[in-house]
Amino acid sequence: MWKTILRRVLIMIPEVIILSILVFLLAKAMPGDPFTGSINPKADPAQIHHLMKINGLYDPWYQQYWNWVVHLFHGNLGNSYQYQEPVTRLISSRAANTLWLALLTMVLTYALALPMGVFAGRHEGKLPDTVIRVYTYVTYCIPFFVILVIGIWIFGYVLGWFPTTGSISADATSGFKSIWSRAYHILLPAILGALFSTVNIVQYLRSEVIDAKRSDYVRTARSKGVPNKDVYRHHIFRNSLLPIAAFAGYSITGLLNGSIFTETVFSYPGMGLLFVNSISYRDYTVITALVLIYGILNLLGTLLSDIILSIVDPRIRIE
Amino acid sequence: MVKKKLALSAMAVLATLSLAACSSSSSKKSSSGANDNASVKLSESYNNKAKSTTAANNTTLKVAEPNDSPFQGISDPVLASNAEDSDVFAPGGSDSLFNVDKNYKIIDGGLANLRLSRKNNTATITLRKDAKWSNGDPVTAKDVEYPYEVIANKKTTSQQYSSDYARIKGMAAYHSGKAKTISGITFPDGQKGRKVVIHYSSISPSMKFSGNSFLWTTVEPYEYIKNVPIAKLAASKQVRKSPIFTGPYKLDKVVEGESTTWSPNKYYYGKPPKIKHISINVVSSNNIDKAIQSKKYDFTAPGGVMHGTDYKQLKNLKNYKMVGSAALSYDYFGFNVGHYDTKTGKNVMDKNSKMANKNLRQAMMYALNLDQVTKKFGYGMTWRANTLIPPIFTKYWDSSEKGFPLNLKKAKQLLNEAGYKKRNGSKWRSDPNGKKLTIYFGAMTGTSAQAAEYQDYLQQWHKIGLNVQLTGGKTMEMNSFYSTLQSPKQSKIDVYAAAWGLSSEPTPTQLYGVEAPYNMGHFVSKENTKLMNEMNSEKAWNDSYRTKIFKKWQAYMNEQAAVAPGSFAYTWSPVNKRVKGYNIDPSNNEFWSNLSLTSTKIQ
């Protein structure tokens, strides 16, 4: 298996190179430049021109690309035009915020969805199943943005149970207090995120459980006299997890994607907003860095999913 | 404390601007005559009769900065290029050098005093004796000079350098990297002294006003940042994490992109602040109304962007008073009448361009129902503009100008006179030569209200028989809009709607001058050049003459209608009734010190 993994990683290298060239070209093909947004009576066009020049934005694309690659190998992703600070620093601070929020959301989502899925499958067609199915469909239908606005309004403003902006309160200085403040700030968005993103897991799990219930090995287990509880725990649950394991790899690497909606509504500085803003500001260095990171993460995600799948299901072997 | 740096209005069609400023706590002027045409009258100050208490002042003043993304965190006005940063760092005093009066004219009494010498062409800046940074260091002459070095440095990230600075002797040599220092800036009593003399090739009457493009009006803590290379200044911790200030408050903490907290600066030379703690938080503009309604904040940052829809939601709140003044910005309509000659660096009018006919332009403006549109979509927070100088400039703004109120009859008449007639039974008018006429309207993608406004404009133009269509059949993304307009010659956009945010000195040469690349409609005339030159001529040292020229220019621009006024707006905030002394008049130079609280909780 190690051989396979190595081979996969090696194939990723040309993929990443092609991706980076594409991203670079497409970013430059967009109308405007990092300074288009700066036109105002106080910004002298001659100075803008000068800034464009010293940043090499008038060079031919292959030269800009080459410079970028050379810097990349020195661990330097350049400076953000918009934020005027190194891209690596900017992204790492945002990534930390996004990671904590996404991690908590994921844990809560699985904690909710797994039992619900199994429960619904076990009681197929009965009242609990109907309730869970209705719940998942309803939550799936409502736009997430609306949920966030309603959620922050009720729990943040009316009831005042949760903080409404940012990732940490200003008076949380250090140590335990700051950790608690961070946790407290991500709690509401994470709960809302988890409550409203269970549909995939629940539906997959439910149908897998229903299938598994009728399969031969379950019937065998039952006829052996294995208690119903153990049948579910050891036989059905493990086998039903297969489709979920298939996208677990993506879920893990997808933790860094960030959510534009959550970040906007809760004024939470994360990766999603950074990406969108960098596109509208034509902040080339940030755009290319982020797309490259996302690209690599996606490739890794595929690999990870395959590895997880082979662990969960011994029938599948990567050769 | 005029914030010098203005957010560019290009990003949001409603200009986002910053003007913090203000006046003594209880002197209340009712609203300046500045907003005669506005349907809602807002006052510039909140006359709170309640008494402030020590217990209340010991609590935290909570300020919201309405914005949809994290602020960038550059505390230094020389390097920052957006309004959010200046809003969240405002209690530090924005490092302003000078106090101003209500017309943004520089007056004595601030961190430094200014003397201009017409005879020697110099500006002498003298710091006050007790001027100190919030770390206790004295403010020195070098601190006054250093901003020029940062702005003009070859490797700077600042966007502030303008060719006007080349009037400072030795500046050109420094800017090109040939000289290590700026020879025209001298220190009569040494770099650690209190006096700086700037030698110009010639000085301009605009230098009497804050926000002019010859004189930089903030200081830099040279001793504190001297070891940071200028190219890396904006990323340094001295600018982002632990900046020092000269104003009434010192920064306690900044949470990147989210919030800042402040406490009184014991080294402040001016009026000691009364409130012991201030926090400023970014709040998404999606839920700023809910945040105010549930009493989370005392007010929104003066200069923060609040929309008409927010006003509609908040105006009836019992515990908040809406306070505002005319914004340093305006929306306008531009007509494409020429091109930019890249060889000579000049704008050129084309006699044969589609929009070259004055009657056609005027008719298009008279056809618009801007009074109704602003009323319907602005909820009283925007109103039809009558000139290209916003009413915040009480002295220069000409309230007697009519602008372009709806007049379909006149519009049709103007078109008929000029020969734009319907021929061969066509639904649309053709040009005087009988050729088919299709006019392309360029508009930026914005809110749904803006989309509705654009549709209304089109409808009105169709009413007078003009075939006007959106460029490309839809609104344009901001970048492609400005890329199109700024290309030297273009025929995709004939008329466009955009906005300008202004500095507190309104000379419009940068926008409408012969050599101005921002003159995107390329309107040029001898008269226009003459008027703009006269605004800063020898005679213009006389204030009343300068005012007269500004008014003449407004009338002239309206008559030509090559750039026509669209709408003015309020910059406004809801202010909780526990706050006392809130006043955003530019002459309130002690805005933060004049604030006090009358209750320990937001009411």
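Residues numbered from 1 in each chain as written. Chains lettered and ligands numbered in written order. Predicted model: local features only at pLDDT ≥ 70, side-chain atom pairs only at ≥ 80, totals over all residues.

Basically, it comes down to this: UniProt positions are given in the numbering used here, feature names are shortened, and annotations may be inferred rather than shown by experiment.
If you check an unreviewed UniProt entry, chain B appears there as Oligopeptide ABC transporter substrate-binding protein from Levilactobacillus suantsaii. UniProt, in the comment section headed Sequence similarities (unreviewed entry), describes chain B in these words: "Belongs to the bacterial solute-binding protein 5 family."

Chain A has the name ABC transporter permease in an unreviewed UniProt entry, where Levilactobacillus suantsaii is given as its organism. Quoted verbatim from the Sequence similarities (unreviewed entry) field of the UniProt record, the comment on chain A reads "Belongs to the binding-protein-dependent transport system permease family." The annotation that UniProt attaches to chain A under Subcellular location (unreviewed entry) is "Cell membrane".

1. Regarding helix H8 (residues 199–213) of chain A
Rules: Numbering of helices and strands runs from the N terminus; a helix is a DSSP stretch of H or I covering at least four residues, while a strand is a stretch of E covering at least two. To estimate the expected span of a helix, count its residues, drop one, and scale the result by 1.5 Å. Contacts are defined on C-beta atoms placed from the backbone: any two residues whose C-beta positions lie within 7 Å are in contact.
Helix length check: H8(A), at 15 residues, gives a terminal C-alpha distance of 21 Å against a target of 21 Å (1.5 Å per residue), a fit within 8%. Those residues of H8(A) that are buried lie in contact with helix H4 (87–122), helix H5 (127–141), helix H9 (216–224), helix H10 (228–240) and helix H11 (242–246) of chain A.

2. A look at the packing of helix H14 (residues 271–280) of chain A against helix H15 (residues 284–312) of chain A
All names here are of chain A. Stated formally: Geometry is summarised by axes, namely lines fitted to C-alpha atoms with helices restricted to the contacting stretch, and by angles between N-to-C directions that run from 0 to 180 degrees. Working rule for angles: under 35 degrees goes down as roughly parallel, over 145 as roughly antiparallel, 65 to 115 as roughly perpendicular, anything else as oblique. Helix crossings fall into two classes, left-handed where the near helix is turned counterclockwise from the far one by less than a right angle and right-handed where it is turned clockwise. Residue polarity follows a fixed list, in which Ala, Val, Leu, Ile, Met, Phe, Trp, Tyr, Cys and Pro are nonpolar, Asp, Glu, Lys and Arg are charged, and the others, Gly among them, are polar.
Where H14 contacts H15, the axes come no closer than 8 Å and their chain directions differ by 135°. The pairing of H14 with H15 is recorded here as oblique in orientation. Crossing handedness for the pair H14 and H15: left-handed. Taking contact as the criterion, the partners of Leu 274, Phe 275, Ser 278 and Ile 279 in H14 are, on H15, Val 286, Ile 287 and Leu 290. Among the residues making up the contact of H14 with H15, the classes are represented as six nonpolar, one polar and no charged.

3. Some points on the UniProt feature "domain: Solute-binding protein family" (unreviewed entry) in chain B
Sites flagged by UniProt as "domain: Solute-binding protein family" (unreviewed entry) map to residues 116–518 of chain B. Between the first and last C-alpha atoms of residues 116–518 of chain B the distance is 30 Å; the span itself is 24% helix and 20% strand.

4. As for the domain arrangement of chain A
Residues and elements named next belong to chain A. Filter applied, for reference: Domain extents, as shown, originate in an automatic or database domain assignment.
Looking at chain A, the domain boundaries give domain 1 (2–73) and domain 2 (88–316). Taking the mean C-alpha position of each, domain 1 and domain 2 sit 33 Å from one another. Counting residues at the interface gives 17 residues for domain 1 and 12 residues for domain 2. Among the elements that make up the side of domain 1 that touches domain 2, the one with the highest residue count is helix H1 (residues 2–29) (10 residues). Grouping the constituent residues of the side of domain 1 that touches domain 2 by class yields 10 nonpolar, four polar and three charged.

5. Remarks on the packing of H1(A) against H15(A)
Residues and elements named next belong to chain A. Two elements in contact, H1 and H15, have axes whose closest approach is 10 Å; the angle formed by their N-to-C orientations is 155°. Here H1 is positioned roughly antiparallel relative to H15, judged by the angle of their axes. Relative to H15, H1 is oriented so that their crossing is right-handed. Here Ile 5, Arg 8, Met 12, Glu 15, Val 16, Leu 19, Ser 20, Val 23, Phe 24 and Ala 27 of H1 lie close against H15, whose contacting residues are Tyr 284, Ile 287, Thr 288, Val 291, Leu 292, Gly 295, Ile 296, Leu 299 and Leu 303. Grouping the constituent residues of the contact of H1 with H15 by class yields 14 nonpolar, three polar and two charged.

6. Examining the interface of chain A and chain B
Each partner contributes residues to the interface: chain A has 42 residues there, and chain B has 53 residues. Those elements giving two or more residues to the side of chain A that touches chain B turn out to be helix H2 (45–54), helix H6 (144–158), helix H13 (260–265) and H14 of chain A. A total of six residues in the side of chain A that touches chain B trace back to one element, the largest contributor, which is H2(A). Looking at side-chain class alone, the side of chain A that touches chain B contains 22 nonpolar, 16 polar and four charged residues.

7. Structural notes on the pairing of strand E12 (residues 320–326) of chain B
Residue and element names in this part refer to chain B. Heads up, the rule is: Exposure classification rests on a simple neighbour count of other C-beta atoms within 10 Å of a residue's own: a residue reaching 20 or more is buried, one at 12 or fewer is exposed, and one in between is partly exposed. C-beta atoms are placed from the backbone. The pairing criterion is simple: DSSP has to find at least two bridges between the two strands.
With respect to burial, E12 is a largely interior element, seven of its seven residues being buried. For E12 and strand E22 (residues 563–576), the ladder comprises seven bridges, and the chain directions are antiparallel. Counted as the bridge partner of Ala 326 is Tyr 570 from E22.

8. Some points on the pairing of strand E14 (residues 338–341) of chain B
Residue and element names in this part refer to chain B. In terms of strand pairing, E14 meets strand E15 (residues 346–349) through four bridges, oriented antiparallel. Counterpart to Tyr 340 in the pairing with E15 is Asn 347. Hairpin connection between E14 and E15: a loop of four residues separates the two successive antiparallel strands, and Gly 345 in this loop has a positive phi of roughly 70°.

9. Regarding the sheet that holds strand E4 (residues 112–117) of chain B
Residues and elements named next belong to chain B. Here four strands make up an open sheet; going across it, the order is E4-E5-E7-E6 and the pairing antiparallel. At either margin of the open sheet sits one strand with a lone partner, and together these are E4 and strand E6 (185–186). Sheet topology note: the E6/strand E7 (residues 195–199) ladder contains two bridges and is antiparallel. Bridging from a neighbouring strand, Thr 186 pairs with Val 197 of E7. The sheet contacts of helix H3 (residues 141–152) involve E4, strand E5 (122–127), E6 and E7, and relative to E7 the element is tilted by about 35°.

10. Looking at the UniProt feature "transmembrane region" (unreviewed entry) in chain A
The positions that UniProt labels "transmembrane region" (unreviewed entry) are, in the present scheme, residues 9–27, 99–122, 134–162, 182–205, 241–266 and 286–312 of chain A. The span residues 286–312 of chain A is 100% helix and 0% strand, and its two end C-alpha atoms sit 38 Å from each other.

11. Comments concerning H6(A)
Along an α-helix, residues three or four positions apart point the same way, because every turn accommodates 3.6 residues. All names here are of chain A. Between its first and last C-alpha atoms H6 spans 20 Å; for 15 residues at 1.5 Å apiece the expected length is 21 Å, and the two agree. Every buried residue of H6 is listed here: Leu 148, Gly 151, Ile 152 and Gly 156. Tucked into the core, H6 has its buried residues touching helix H7 (175–195) and H13.

12. Concerning the nonpolar core
Burial of nonpolar side chains together is a common tendency in soluble globular proteins. Under the convention used in this document: Linking buried Ala, Val, Leu, Ile, Met, Phe, Trp, Tyr and Cys residues through C-beta atoms within 7 Å yields a set, and such a set is a nonpolar core.
Counting 171 residues, the largest nonpolar core has B:Tyr332 and B:Ala363 as its most contacted members. Residues in contact with B:Tyr332, not counting those within four places in the same chain, are B:Leu388, B:Ala498, B:Ala499, B:Trp500, B:Val563, B:Ala564, B:Pro565 and B:Gly566. Counting residues in each nonpolar core, the second largest holds 15 residues, with A:Tyr83, A:Met271, A:Leu274 and A:Phe275 among its members.

13. Topic: the domain arrangement of chain B
Residues and elements named next belong to chain B. For chain B, the assigned domains are domain 1 (43–90 + 247–319 + 577–602), domain 2 (94–227) and domain 3 (327–571). One C-alpha centre belongs to domain 1, the other to domain 3, and the line joining them spans 36 Å. In this complex, domain 1 contributes five residues to the contact, which on the side of domain 3 involves seven residues. Along the lines of polarity and charge, the residues of the side of domain 1 that touches domain 3 split into one nonpolar, three polar and one charged.

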